[in-house]
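Breakdown of the fold
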Amino acid sequence: MTVTDIRIPDEIKPVDGRFGSGPSKVRPEGVEALSAVSRTFMGTSHRQKTVKNQVARMRRGLAEFFSLPDGYEVILSNGGTSAFWDTAAFGLVRDRAQFAEFGEFGAKFVKAVVDAPFLSSPTVHQAPGGQAAFLTAEAGVDVYASVHNETSTGVAVPVRRVAGADEGALLLTDATSGGGSLDVDLRETDVYYLAPQKALGSDGGIWLALMSPAALDRAFSIKSSGRYIPQFLDLVTAIEQSRLEQTYNTPALATVFLAAEQLDWMNAQGGLSWAVKRSAESAAAIYGWADRSSFATPFVTDPALRSAAVATIDFEGVDAAAIAATLRANDIVDTEPYRKLGRNQLRIALYPTVDPADVAALTTCIDYVVERLA
Ligand SMILES: *Cc1c(COP(=O)(O)O)cnc(C)c1O
């Protein structure tokens, strides 16, 4: 049989076939709520109350969801996490950064800082795909940066301050995919930044940063030092605009609304602790299945590093690309691995939006496909 000839019976299929790591599943209820405001909210000015109220709802939702500590603020602007890396290179790194790099996303922030001619060369602790690198105290480092969940490899690490770091050094945590699926105490970091198209179950285009008082101070202090900062990447502008419930330039209104809607939903379910539990249930379903399977194994060998936000599963004796293509032909989509990792692998998002029962159903479907591909 060719891949597309295999028809998976409806009875064993997941209710929702979206397992992509980003953009990820958006709840139909969110889109319906958006549809209900299609004439009153969509297509209206982002400088007026109607839109500002939704920005405010999203910021309040994030503050509640992450139990925002005293003095921390929710800052946002346009361009997604990729824009935040450049914003941080201009607006948060005073001179020297240190990175823990263990995948493609961590590497992109490293590049932004390496390329900045006004910054010293950073220290970079690297680990190969599937493993983790960690930060270590180093004199002269004013920004430490790590990734909560490396979406390209499915490795997650705890968010923890660097013991022995210089007084005033900041910790920046890329939580683009980990934020909302993995446990965190924000007092352990200065900037917990994310984008809404992953665990927040919205669409892309904006970045969100939960910033400590020290990080807010740093932004103002670098700005007043006279460093050239492109307008679009000016963190102080983002802070000032966020405080007014707006953005420097036009945001995607649907993205803001869907994120606010999703946060209200997650908070009503029980907030971060509920979300973490739900992702953990999905993780238990997929890793448990892989452990029992004769042809699948978790790519991340150390169970302590295995992500409950994004699972990566290696296959032996069967072509993972053929499995993914067959699943796709049956409306079960985006299980393909991160391209550059180049492994015979599937990658499955375990964000709280995804129903753990659907993850269990997915494993049944993979078994069904593998039996017929062999
Ligand atoms: C998706 C992702 C990014 C990139 O986000 P964009 O909004 O597309 O720029 C960065 N870091 C991590 C960990 C991600 O998962």
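Residues numbered from 1 in each chain as written. Predicted model: local features only at pLDDT ≥ 70, side-chain atom pairs only at ≥ 80, totals over all residues. Heavy atoms only, no water.

Let's shift gears to the site of the ligand. Lining the immediate surroundings of the ligand are 13 residues, of which Ser82, Thr151, Asp174, Gln197 and Lys198 lie closest. In this structure, a nitrogen atom belonging to the ligand sits 3.4 Å away from a side-chain N or O atom of Thr176. Relative to its unbound accessible area of 390 Å², the ligand is 87% covered by the protein chains. Counting residues per element, the shell around the ligand draws most heavily on helix H3 (residues 80-91), at four residues. Considered class by class, the residues forming the shell around the ligand number three nonpolar, eight polar and two charged. (Near = heavy atom within 4 Å. Polar contact = N/O pair within 3.5 Å; in protein donor to acceptor, adjacent residues only side chain to side chain. Areas by Shrake-Rupley, 256 points an atom, 1.4 Å probe, with all protein chains shown as cover. Helix = DSSP H or I, 4+ residues; strand = E, 2+ residues; numbered from the N terminus. Nonpolar A, V, L, I, M, F, W, Y, C, P; charged D, E, K, R; others polar.)

Let us now look at the domain arrangement of the chain. As far as domains go, the chain holds domain 1 (8-25 + 270-373) and domain 2 (40-268). Once you take the C-alpha centre of each, domain 1 and domain 2 turn out to be 27 Å apart. Between domain 1 and domain 2, the residue contacts involve 31 residues of the former and 34 residues of the latter. For the pair domain 1 and domain 2, the summed buried surface comes to about 2,300 Å²; carbon and sulfur atoms form 60% of the total. Looking at the side of domain 1 facing domain 2, the largest losses of area belong to Leu272, Leu305 and Tyr338, adding up to 26% of the total buried there. (Domains from an automatic or database assignment. Contact = heavy atoms within 4.5 Å. Buried area = accessible area lost by both parts, 1.4 Å probe.)

Applying the stated criterion across every chain yields a total of 18 salt bridges. Residue Glu245 is joined to Arg59 by a salt bridge in which the shortest nitrogen-to-oxygen separation is 2.9 Å. Here Glu245 is found in the loop between helix H6 (235-243) and helix H7 (253-269), whereas its partner Arg59 is found in helix H2 (residues 49-65), with 186 residues between them in sequence. Assessed through its relative accessible area of 22%, Glu245 is described here as partly exposed. Taking the shortest distance from any N to any O, the salt bridge between Asp234 and Lys223 comes out at 2.4 Å. Linking Asp234 in the loop between helix H5 (213-224) and H6 with Lys223 in helix H5, this pair joins segments that are 11 residues apart in sequence. Salt bridges linked by common partners bring Arg57, Glu261 and Asp264 together as one network. (Salt bridge = Lys/Arg side-chain N within 4 Å of Asp/Glu carboxyl O. Buried < 20%, exposed > 50% of the residue type's maximum accessible area, 1.4 Å probe, protein only.)

Okay, the sheet that holds strand S7 (residues 170-174) next. One open sheet accounts for seven strands, arranged S1-S9-S8-S7-S4-S2-S3; its pairing is mixed. In this open sheet, the two edge strands, each paired with only one partner strand, are strand S1 (73-78) and strand S3 (123-126). Strand-to-strand twist of the sheet, defined as the mean angle between neighbouring strand axes without regard to direction, takes the value 20 degrees. (Pairing = 2+ DSSP bridges. Axes fitted to C-alpha atoms, helices over the stretch in contact; angles between N-to-C directions.)

Right, let's talk about the environment of Ala214 for a bit. For Ala214, the location among the structural elements is in helix H5. For Ala214, a relative accessible area of 36% puts it in the partly exposed group. Residues Ala214 and Val359, spaced 145 residues apart in sequence, show a C-alpha to C-alpha distance of 40 Å. Among residues more than four places away in sequence, those in contact with Ala214 are Leu170 and Asp190.

When the UniProt feature table is mapped onto this chain numbering, "domain: Aminotransferase class V" (unreviewed entry) sits at residues 142-332. Across residues 142-332 one finds 37% helix and 17% strand; the C-alpha atoms that close the span lie 45 Å apart. (UniProt positions renumbered as here; feature names shortened; annotations may be inferred.)

Before going further, it helps to spend a moment on the sheet that holds strand S11 (residues 310-315). An order of S10-S11-S12 is seen for the three strands of this open sheet, with the pairing classed as antiparallel. For this open sheet the edge positions go to strand S10 (296-298) and strand S12 (345-349), each flanked by a neighbour on one side alone. Across the sheet, the mean angle from the axis of one strand to that of its neighbour is 30 degrees, orientation sign disregarded. Inspection of the sheet shows S11 paired to S12 by five bridges, in the antiparallel sense. Residue Asp314 lies in a different strand from S12, and its bridge partner there is Gln345. Across the sheet, helix H9 (residues 320-329) lies against S11 and S12, angled at about 45 degrees from S12, the strand it touches most.

The subject of this paragraph is the nonpolar core. Nonpolar side chains tend to gather and get buried jointly when the protein is soluble and globular. Grouped together as the largest cluster of nonpolar side chains are 37 residues, with contacts concentrated most on Ile286, Trp289, Phe315, Ile323, Leu327, Leu346 and Ile366. At the level of elements, helix H8 (271-292), S11, H9, S12 and helix H10 (356-373) are the ones that each hand at least two residues to this core. With near-sequence residues (within four places) excluded, Ile286 lies in contact with Ala311, Ile313, Ile348, Leu350, Val359 and Thr363. Counting residues in hydrophobic clusters, the runner-up holds 36 residues, among them Val26, Met58, Phe65 and Leu272. (Core = buried A, V, L, I, M, F, W, Y, C linked by side-chain atoms within 4.5 Å.)

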